[in-house]
Amino acid sequence: MKRRKNLLLVVYVIFALSLNFTSCRSEVDSEETYIVWTDVSTYSEFTSSFNTTLNDGYYIRLEFTSNQWSQILPTLTSEGRHNWEKSKIKEWFIGRGFGESEATKEVSWFMTISHGFIASRTGSTVYYILK
């Protein structure tokens, strides 16, 4: 009887292992995620904060140095913070009026820098994305 229990145990273990190794994997190659912050302000807040102008329908981009980033980072909160894949970041650009090729170009630039931001103006609203 003891030998039969051992045999059944071995069969169960082999069966479980074979299911584990032969089961279908549903893993999808996941895209790398990036921590980004998004925000929105009025154009008057933008000109006051940055002491510059931005024409309607235009955008500016700026890469931060390590020193600049270390000064900015403590001011960031969880509000507007996202863990987004490249495709989601591109959606953000398109949703702010960027054309397909322009969004692709700016996402590519955004992925190559360590830290920076883009501010885009539509009417009296300015949209920001920061990485």
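On a predicted model such as this, the values are computed, not experimentally measured, just so you know. (Residues numbered from 1 in each chain as written. Predicted model: local features only at pLDDT ≥ 70, side-chain atom pairs only at ≥ 80, totals over all residues. Heavy atoms only, no water.)

A word on the layout of surface pockets
Rolling a probe over the atoms, with the probe sized like a water molecule, indicates the empty space that remains.
Here is step 1 of the chain: By volume, the largest pocket amounts to about 540 Å³.
Here is step 2 of the chain: Considering the residues around the largest pocket, the lining is formed by 20 residues, among which Asp-39, Phe-50, Leu-76, Tyr-128 and Leu-130 are closest to the centre.
Here is step 3 of the chain: Secondary structure elements with two or more residues in the lining of the largest pocket: β1 (33-42), α2 (43-50), α3 (66-72) and β5 (125-130).
Here is step 4 of the chain: Of all the elements, β1 adds the most residues to the lining of the largest pocket, at 5 residues. (1 Å grid on protein atoms, 1.4 Å probe; cavity = no way out; pocket = protein on both sides within 12 Å on 5 of 7 lines; lining within 4 Å. Points joined across faces, edges and corners; volume = space filled by probe spheres on them. Helix = DSSP H or I, 4+ residues; strand = E, 2+ residues; numbered from the N terminus.)

Points about the side chain of Arg-121
Here is step 1 of the chain: The residue Arg-121 is located in strand β4 (residues 116-122) in this model.
Here is step 2 of the chain: Buried charge Arg-121 goes without a salt bridge, the closest partner of opposite sign being Asp-56 at 4.6 Å.
Here is step 3 of the chain: Every residue in contact with Arg-121, bar those within four places of it in the chain, is listed here: Tyr-43, Leu-54, Asn-55, Asp-56, Gly-57, Tyr-58 and Val-126. (Buried < 20%, exposed > 50% of the residue type's maximum accessible area, 1.4 Å probe, protein only. Lys, Arg positive; Asp, Glu negative; His and termini not counted. Salt bridge = Lys/Arg side-chain N within 4 Å of Asp/Glu carboxyl O. Contact = heavy atoms within 4.5 Å.)

Brief notes about the pattern of salt bridges
Pairs can form between side chains of opposite charge once their charged atoms are near each other.
Here is step 1 of the chain: All told, the structure shown has 4 salt bridges when counted by the stated rule.
Here is step 2 of the chain: Of the charged contacts in the structure, one is a salt bridge between Glu-100 and Lys-90, with a shortest N-O distance of 2.4 Å. Of the two residues, Glu-100 is situated in helix α5 (residues 100-112) and Lys-90 in helix α4 (residues 86-95); the sequence distance between them amounts to 10 residues.
Here is step 3 of the chain: Lys-105 is the salt-bridge partner of Glu-106, the closest N and O atoms lying 3.7 Å from each other.
Here is step 4 of the chain: Connected through shared salt-bridge partners, Arg-61, Lys-105 and Glu-106 make up one network.

Some remarks on the confidence of the model for the protein chain
Here is step 1 of the chain: Per-residue confidence for the protein chain gives a mean pLDDT of 84; residues scoring 70 or more make up 77%.
Here is step 2 of the chain: Note on residues 4-27: pLDDT is under 50 here. Beyond four places in sequence and across chains, it has 1 contact. (pLDDT = per-residue confidence, 0-100.)

Side note on the packing of aromatic side chains
Here is step 1 of the chain: Counted under the stated rule, the structure contains 14 aromatic pairs.
Here is step 2 of the chain: An angle of 55 degrees between the planes, with centres 6.1 Å apart, marks the rings of Trp-37 and Trp-69 as tilted. Of the two residues, Trp-37 sits in strand β1 while Trp-69 sits in helix α3, which places them 32 residues apart along the sequence. Of the two residues, Trp-37 and Trp-69, neither departs from the other in class, the shared state being buried.
Here is step 3 of the chain: Their ring planes at 90 degrees and their centres at 5.2 Å tell us that Trp-92 and Phe-93 sit as a pair that is edge-to-face.
Here is step 4 of the chain: Overall, the relative accessible area of 0% leaves Phe-93 in the buried class.
Here is step 5 of the chain: One aromatic cluster is present, formed by Trp-37, Tyr-43, Phe-46, Phe-50, Phe-64, Trp-69, Phe-117 and Tyr-128 through successive ring pairs.
Here is step 6 of the chain: Its end group placed over the ring of Tyr-127, Arg-96 keeps NZ or CZ at 5.3 Å from the ring centre.
Here is step 7 of the chain: Directly above the aromatic system of Phe-110 lies the positively charged group of Lys-131, at a separation of 5.8 Å from the ring centroid. (Phe/Tyr/Trp six-rings, centres within 6.5 Å; stacked < 30°, edge-to-face > 60°. Lys NZ or Arg CZ within 6 Å of the ring centre and 35° of its normal.)

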